[in-house]
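Commentary on secondary and tertiary structure
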Amino acid sequence: MAVAVKSKNNDFTEGPILGKLIKFALPLMATGLLQTLYNASDMIVVGRFSESGANCMGAVGACSALIALIVNLFIGIATGAGVLSAQAVGAKKYENVRKIINSSVIASLCCGVVLAIFGFFAARPLLTLMGTPADVMKEAVPYMKAYFVGVPAALLYNFLAAVLRSSGDSKRPLIILAISGICNVILNLVMVLAFGMGAVGVGIATTVAQYISATMIFVYMCRADIECKIDVRNMKICPKTLLMIIKIGLPAGIQSMLFSISNVLMQSTINTYGATVVNGNAAAANVEGFVYICMNAMYHSTLTFVGQNVGAGKYDRIKKIVIQNACMVTVAGIVLGGACCLFGDRLLMIYAPNSAAVRAAGMTRMYMICGAYFLCGLMEVGCGAVRGMGKAIMPMMVSLIGSCALRMVWIFAVCPFFPGDIKMLYLCYAITWSITASAHFVCCLMTYRQFVRKRAVAVTLA
């Protein structure tokens, strides 16, 4: 079988870094922003057009942290496929890329079906365990059930998108998401305005959009003449490759779950402040999602660039990649976070035009969190660099201690001294981001020095 030749435009192991970094990162950011925009449309449509708008909006927000907790473990495993694929692409071992793709497709579909069944039947008990307000629960349960029907498609898309990005193509996922997202928005309006279905309607719309995006990326990778082409006729799981994907990706998935556990705990704590705060927090968190997506895009660009250069054995480029990504994410975080604080009330008006109290609650969150979002970006870059160098357990442990554990300590040890003051609850985000980012960069430096020492030993022995 002929192997496609890698395009120079997608080869990050040669030439200037900054230009390629920007060219790769911008479509990633646009993809994430579109995805967040389409997710935001769920809340905007139900908030403005459904009969119980505020409660529907709160239902979507209340489900978000719980859904992320359940799904992120498996989406994180897709990171393992991305890291291995990037290293294989950098080393020009395209047959290994095909093994990674085949294993990813089968594994993502199998895991997706299991998750869909679990999430559908466990929706009410889990939301009850979180202490979801009764007036929000009515809309939250059917929304969550509808969402989980689309999980198999969501996992398939994320696995394939990770492999596609690892080959240097960040534009194709953007195009696919744009098309499926437009369908999502149209279906949102149809479900809510035409059929009056509320939160469950936007859940169904999201599920349909997920199947559209999964189908499109699968068909593209089957037909396109690319190094990560899917060969359906020879598709089978390679046990060794799957174990390697799990070895790298499982800690990444556990790390995502750790963040989600802390977010679920945060959401459960926020739920005790009443429906107004729950709804305002949901709207503000949705706006912040646009900022986070840009931070997360730099994580993926760092992981891909570092992974390719590790595979090619060009360790001298890793330091430059990390520094340039850190500078870019700092500027982006300050600019975007500042814009959210400056225009926050106008943005929240989109979600809750008829409730000043909900908007005020949302602005409290935005003032406390958005200004520090560049710290989250630095945390993402440091984590992406360590994981791109093939380390799996280290970033997971850093996140376990720096984010999940410290947030729990903050909630139970600090917040009780400030009863009713939700600002103190929000403050833990900036503190844990700064600690976790610092720890990731220390690990990054240690891992980089290990690579340099190994190369020096290899040269000496040669």
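Provided above is the structure to which this section pertains.
So, here is what we can say about the structure in this document. (Residues numbered from 1 in each chain as written. Predicted model: local features only at pLDDT ≥ 70, side-chain atom pairs only at ≥ 80, totals over all residues. Heavy atoms only, no water.)

**What about the overall build of the chain?**
Keep this limit in mind: Runs of H or I in DSSP of at least four residues are treated as helices and runs of E of at least two as strands, each being numbered from the N terminus. For each residue, the accessible area found with a 1.4 Å probe, counting protein chains only, is set against the maximum for its type, and the residue is called buried under 20%, exposed over 50%, and partly exposed in between. Here, residues are in contact when the closest pair of their heavy atoms is within 4.5 Å. Using a 1.4 Å probe, accessible areas were evaluated by the Shrake-Rupley method; residue-level cover was limited to the displayed protein chains. Charge counting treats Lys and Arg as positive and Asp and Glu as negative, with His and both chain ends excluded. Lys charges are placed at NZ, Arg charges at CZ, Asp charges at CG and Glu charges at CD.
A tally of helices and strands in the chain yields 14 helices and zero strands. In sequence order, the chain lays out its α and β elements as α-α-α-α-α-α-α-α-α-α-α-α-α-α. By residue count, 56% of the 462 residues in the chain fall in the buried class. Look at the contacts in the chain between residues 6 or more apart in sequence, and 84% of them connect residues 24 or more apart. Of the accessible surface of the chain, which amounts to about 18,600 Å², a share of 70% is contributed by carbon and sulfur atoms. The averaged location of the 16 negative side-chain charges in the chain is 9 Å from the averaged location of its 36 positive side-chain charges.

**Section: helix 6 (residues 171-194)**
Keep this limit in mind: By this rule the span expected of a helix is its residue count minus one, scaled by 1.5 Å.
Here helix 6 contains 24 residues, and its C-alpha end-to-end distance of 34 Å stays within 8% of the 34 Å for a straight helix at 1.5 Å per residue. Within the sequence span of helix 6, burial applies to Pro173, Ile176, Leu177, Ser180, Gly181, Asn184, Asn188, Met191 and Val192.

**Brief notes about a nonpolar patch on the surface**
Quick reminder of the rule: To count toward a patch, a residue needs a relative accessible area over 30% and no salt bridge; like charges are then connected within 9 Å, while nonpolar side chains (Val, Leu, Ile, Met, Phe, Trp, Tyr) are connected within 5 Å. Salt bridges are counted wherever a side-chain nitrogen of Lys or Arg sits within 4 Å of a carboxyl oxygen of Asp or Glu.
There is a patch of nonpolar side chains on the surface, built from Val113, Ile117, Phe120, Phe121, Val149 and Tyr211 and spanning about 570 Å² of accessible area. Top contributing element to the nonpolar patch by residue count: helix 3 (residues 94-129), with four residues. Locating phenylalanine 120 in the fold gives a position in helix 3. By relative accessible area, which is 31% here, phenylalanine 120 ends up partly exposed.

**Considering the pattern of salt bridges**
Summed over the entire model, instances satisfying the criterion amount to four salt bridges. A salt bridge links arginine 98 to glutamate 95; its shortest N-O distance comes to 3.8 Å. Within this pair, arginine 98 and its partner glutamate 95 are both found in helix 3, separated by three residues, close to a single helical turn. The class of arginine 98 is buried, set by a relative accessible area of 9%. Exposure remark for glutamate 95: the relative accessible area of 47% places this residue in the partly exposed category. The partner of arginine 365 in a salt bridge is glutamate 288, and the shortest N-O contact between them spans 2.9 Å.

**With respect to the packing of helix 9 (residues 275-312) against helix 11 (residues 356-369)**
A pair of packed helices can be characterised by two numbers: the angle between their axes and the separation between those axes. Put simply, the rule is: Helix axes are fitted only over the stretch in contact, all axes being lines through C-alpha atoms; the angle between N-to-C directions runs from 0 to 180 degrees. Note on terminology: angles under 35 degrees are roughly parallel, angles over 145 are roughly antiparallel, angles of 65 to 115 are roughly perpendicular, and the others are oblique. By convention, the crossing between two helices is left-handed when the near helix turns anticlockwise from the far helix through less than a right angle, and right-handed when the turn is clockwise. Three residue categories are used. Nonpolar comprises Ala, Val, Leu, Ile, Met, Phe, Trp, Tyr, Cys and Pro, charged comprises Asp, Glu, Lys and Arg, and polar comprises the others, including Gly.
One way to put it is that helix 9 packs onto helix 11 with a least axis distance of 7 Å and a crossing angle of 50 degrees. Here helix 9 lies oblique to helix 11, going by the angle between them. At the point where helix 9 passes helix 11, the crossing takes the right-handed sense. Contacts between helix 9 and helix 11 involve Thr276, Val277, Asn279, Gly280, Asn281, Ala284, Ala285, Val287 and Glu288 from the former and Ala357, Val358, Ala361, Gly362, Arg365, Met366 and Ile369 from the latter. For the contact of helix 9 with helix 11, the class distribution of residues is nine nonpolar, five polar and two charged.

**Observations regarding the packing of aromatic side chains**
Spelled out, the test is: Side-chain rings of Phe, Tyr and Trp (the six-membered ring for Trp) are treated as a pair once their centres are within 6.5 Å; stacked means planes under 30 degrees apart, edge-to-face means over 60, and tilted covers the remaining angles.
In total, this model carries six aromatic pairs according to the counting rule given. Ring geometry for phenylalanine 120 versus phenylalanine 121: centroids 5.2 Å apart, planes at 75 degrees, classification edge-to-face. Pairing tyrosine 147 with phenylalanine 148 gives two aromatic rings, centres 6.3 Å apart and planes at 75 degrees, and the pair type is edge-to-face. The two residues tyrosine 147 and phenylalanine 148 agree in class, both being buried.

**Side note on the side chain of asparagine 281**
Checked against the element boundaries, asparagine 281 lands in helix 9. Here asparagine 281 is in contact with Gln267, Ile270, Arg365 and Tyr426, once residues within four sequence places are set aside.

**Notes on the side chain of arginine 387**
Along the polypeptide, arginine 387 turns up in helix 12 (residues 373-388). If sequence neighbours within four positions are ignored, arginine 387 has contacts with Thr79, Val83, Ile248, Pro251, Ala252, Gln255, Tyr299, Leu303, Ala392, Pro395 and Met396.

**Concerning the environment of valine 60**
Structurally, valine 60 can be placed in helix 2 (residues 53-90). Residue classification places valine 60 among the buried positions, given a relative accessible area of 3%. Along the sequence, valine 60 and valine 409 sit 349 residues apart, while their C-alpha atoms lie 27 Å from each other.

**Regarding the packing of helix 3 against helix 8 (residues 239-271)**
Two elements in contact, helix 3 and helix 8, have axes separated by 9 Å at closest approach and are oriented at 75 degrees. Taken together, the axis directions place helix 3 and helix 8 in an arrangement best described as roughly perpendicular. Contacts from Lys99, Ile100, Ser103, Ser104 and Ala107 of helix 3 reach helix 8 at Thr241, Leu242 and Ile245. For the contact of helix 3 with helix 8, the class distribution of residues is four nonpolar, three polar and one charged.

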